[in-house]
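Tertiary structure, described
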Amino acid sequence: MLNLFKRAAPAPLPPVGEPFFKFEDAFLQEKAAHYAPGYNGAHPFPHVVIDDFLPADVAERIHAAYPGVDDPVWFDWKAGDTVNQPKKLGVRHASRMEGAPPLIHNMCYAFNSYTFLHFLETLTGLKDLISDPCLNGGGMHQILPGGKLRVHADFNMIEPFGLYRKLNAILYLNKDWDESWGGDLQLWNRDATKCEARVMPHFNRLAVFSTLSTSHHGHPEPLACPEGRTRKSLAFFYYSRHAEEGDATPRTVQWQSHEEKSPV
């Protein structure tokens, strides 16, 4: 007789000493309450920058585990958009990350967890946020010397799921970054004519910003870091069932054609 209640063999435990990390709700709620008053009033659109976001030892381990530029986990940038984002390595989807280090998987789970969603809701005032464990367009990013990301407003919807994009969260992982190399995240005004804020991609710095139809951002100037250095980050996108007012029709990324340097 078939035993329908027979338990499956338990999953093997991780090796002793293998790093594991999870966010603590009370700690993140305290941090969110501290930064929330300035979030929605930030210019040119709602955003916040938080330094030393992860415990120092965790950030160091992520940096050490981050895949090199020749790792097979990366999508070949030459087969992608070489006009708007040349020399930008990414995974495009979680299905490419099977070979990524366990700690990187761990951090992706953490940034998609209830605890981090709770942090974002308290920080921004948005409700009913939904994370994306499939990492559509997110996950690991790494930009090579000479690479850039043209100023743009992000796509607004994942059509198969009927979910509207609300927030980006980007954790930068660049130790001893020389600001003369560029690579700063530029936040531009509503009509994308002027850069009004810059975020240097320093190690263990978190940037969170609202992805409105007018949230123009990027780093349009070619990266000037030396060979052997890259601009590393983990990026996560968050959604809800509710569209921005006047922006319910699905649209793709809105790239800006100008490349002129615009000081803050």
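Just so it is clear, the structure is predicted and the values come from calculations on it, not from any experiment.

**Looking at the overall build of the protein**
Along the protein, the regular secondary structure elements total four helices and twelve strands. Computed over C-alpha atoms, the radius of gyration of the protein comes to 19 Å, within 12% of the 18 Å expected from 2.2 N^0.38 for 264 residues, which places it in the range of a compact globule. The principal-axis extents of the C-alpha atoms in the protein amount to approximately 70 × 45 × 35 Å. Burial statistics for the protein: of 264 residues in total, 50% are counted as buried. Accessible surface, the protein: about 13,300 Å² in total, of which carbon and sulfur atoms supply 56%. Side-chain charges in the protein split into 26 positive and 31 negative, and the spacing between the mean points of these groups amounts to 2 Å.

**Points about the nonpolar core**
Among the nonpolar cores identified, the biggest contains 44 residues, and Phe53, Leu54, Phe111, Phe116, Phe119 and Met140 are the most heavily contacted of them. Listing elements by their share of this core, those giving two or more residues are α1 (25-39), β1 (47-50), α2 (56-65), α3 (102-111), α4 (114-124), β6 (163-172), β9 (205-210) and β11 (231-240). Take this core: its biggest share by element is six residues, from α3. Leave out the neighbours within four places in its chain, and phenylalanine 116 touches Phe23, Leu28, Phe53, Ala110, Phe111, Ala169, Leu206 and Tyr238. Core analysis: the next-biggest nonpolar cluster, separate from the first, contains 15 residues, Phe45, Tyr172, Val199 and Tyr239 among them.

**Here's the deal with the pattern of salt bridges**
Under the counting rule described, the total for this entry stands at seven salt bridges. Of the charged contacts in the structure, one is a salt bridge between aspartate 57 and arginine 61, with a shortest N-O distance of 3.3 Å. Of this pair, aspartate 57 and arginine 61 both sit in helix α2, four residues apart, which is roughly one turn of that helix. Take aspartate 57: its relative accessible area is 47%, and that puts it in the partly exposed class. For arginine 61, a relative accessible area of 29% corresponds to the partly exposed category. Residue aspartate 184 pairs with arginine 198 through a salt bridge whose shortest N-O separation is 2.6 Å. One end of the pair, aspartate 184, is in the loop between β6 and β7 (185-188); the other, arginine 198, is in strand β8 (residues 195-199), and 14 residues separate them in sequence.

**Points about the pairing of β8**
Examined bridge by bridge, β7 and β8 share four bridges and lie antiparallel to one another. Opposite leucine 187, over in β8, you have alanine 197 as the bridge partner. In textbook terms, the turn of a hairpin is the stretch between consecutive antiparallel strands, and for β7 and β8 this stretch comprises six residues, one of which, alanine 192, has a positive phi near 60°.

**A few points about the side chain of lysine 31**
Tracing the backbone through its elements, the reader meets lysine 31 in helix α1. When residues no more than four places from it in sequence are discounted, the contact partners of lysine 31 are Ile50, Phe53 and Phe119.

**Overview of the confidence of the model for the protein**
Do not read the fine detail of predicted coordinates wherever pLDDT is low. In the predicted model, the protein carries a mean pLDDT of 92, and 90% of its residues have values of at least 70. A low-confidence stretch, residues 1-11 (pLDDT under 50), is modelled with zero contacts involving residues beyond four sequence positions or located in other chains.

**Section: the sheet that holds strand β10 (residues 217-219)**
Paired through backbone hydrogen bonds, the strands of a sheet run either parallel or antiparallel to each other. Across the sheet, five strands lie side by side as β8-β7-β10-β4-β12; this open sheet has antiparallel pairing. Each edge of the open sheet carries a strand with a single partner, namely β8 and β12 (254-255).

**Regarding the environment of proline 44**
Residue placement: proline 44 occurs in the loop between α1 and β1. Taking relative accessible area as the criterion, proline 44 reaches 16% and is therefore assigned buried. With 138 residues separating them in the primary sequence, proline 44 and glycine 182 have C-alpha atoms 20 Å apart. With residues near it in sequence (within four places) discarded, proline 44 still touches Leu187, Trp188, Asn189, Glu196 and Ala197.

**Topic: the environment of alanine 248**
Looking at the secondary structure, you find alanine 248 in the loop between β11 and β12. Given a relative accessible area of 42%, alanine 248 falls into the partly exposed group. Linking alanine 248 and arginine 61, residues 187 residues apart in sequence, is a C-alpha distance of 41 Å.

**Observations concerning the packing of α1 against α4**
Remark: α1 packs on α4, axes separated minimally by 7 Å, with the N-to-C direction vectors making an angle of 25°. By the angle between their axes, α1 is roughly parallel relative to α4. The chirality of how α1 crosses α4 is right-handed. Contacts between α1 and α4 involve Asp25, Leu28, Gln29, Lys31, Ala32, Ala33, Tyr35, Ala36 and Tyr39 from the former and Tyr114, Thr115, Phe116, His118, Phe119, Thr122, Leu123 and Thr124 from the latter. The residue makeup of the contact of α1 with α4, split by class, is ten nonpolar, five polar and two charged.

Rules of the game
- Residues numbered from 1 in each chain as written.
- Predicted model: local features only at pLDDT ≥ 70, side-chain atom pairs only at ≥ 80, totals over all residues.
- Heavy atoms only, no water.
- Helix = DSSP H or I, 4+ residues; strand = E, 2+ residues; numbered from the N terminus.
- Rg over C-alpha atoms; globule rule 2.2 N^0.38 Å.
- Buried < 20%, exposed > 50% of the residue type's maximum accessible area, 1.4 Å probe, protein only.
- Areas by Shrake-Rupley, 256 points an atom, 1.4 Å probe, with all protein chains shown as cover.
- Lys, Arg positive; Asp, Glu negative; His and termini not counted.
- Charge placed at Lys NZ, Arg CZ, Asp CG, Glu CD.
- Core = buried A, V, L, I, M, F, W, Y, C linked by side-chain atoms within 4.5 Å.
- Contact = heavy atoms within 4.5 Å.
- Salt bridge = Lys/Arg side-chain N within 4 Å of Asp/Glu carboxyl O.
- Pairing = 2+ DSSP bridges.
- pLDDT = per-residue confidence, 0-100.
- Axes fitted to C-alpha atoms, helices over the stretch in contact; angles between N-to-C directions.
- Parallel < 35°, antiparallel > 145°, perpendicular 65-115°, else oblique.
- Left-handed = near helix turned anticlockwise from the far one by under 90°.
- Nonpolar A, V, L, I, M, F, W, Y, C, P; charged D, E, K, R; others polar.

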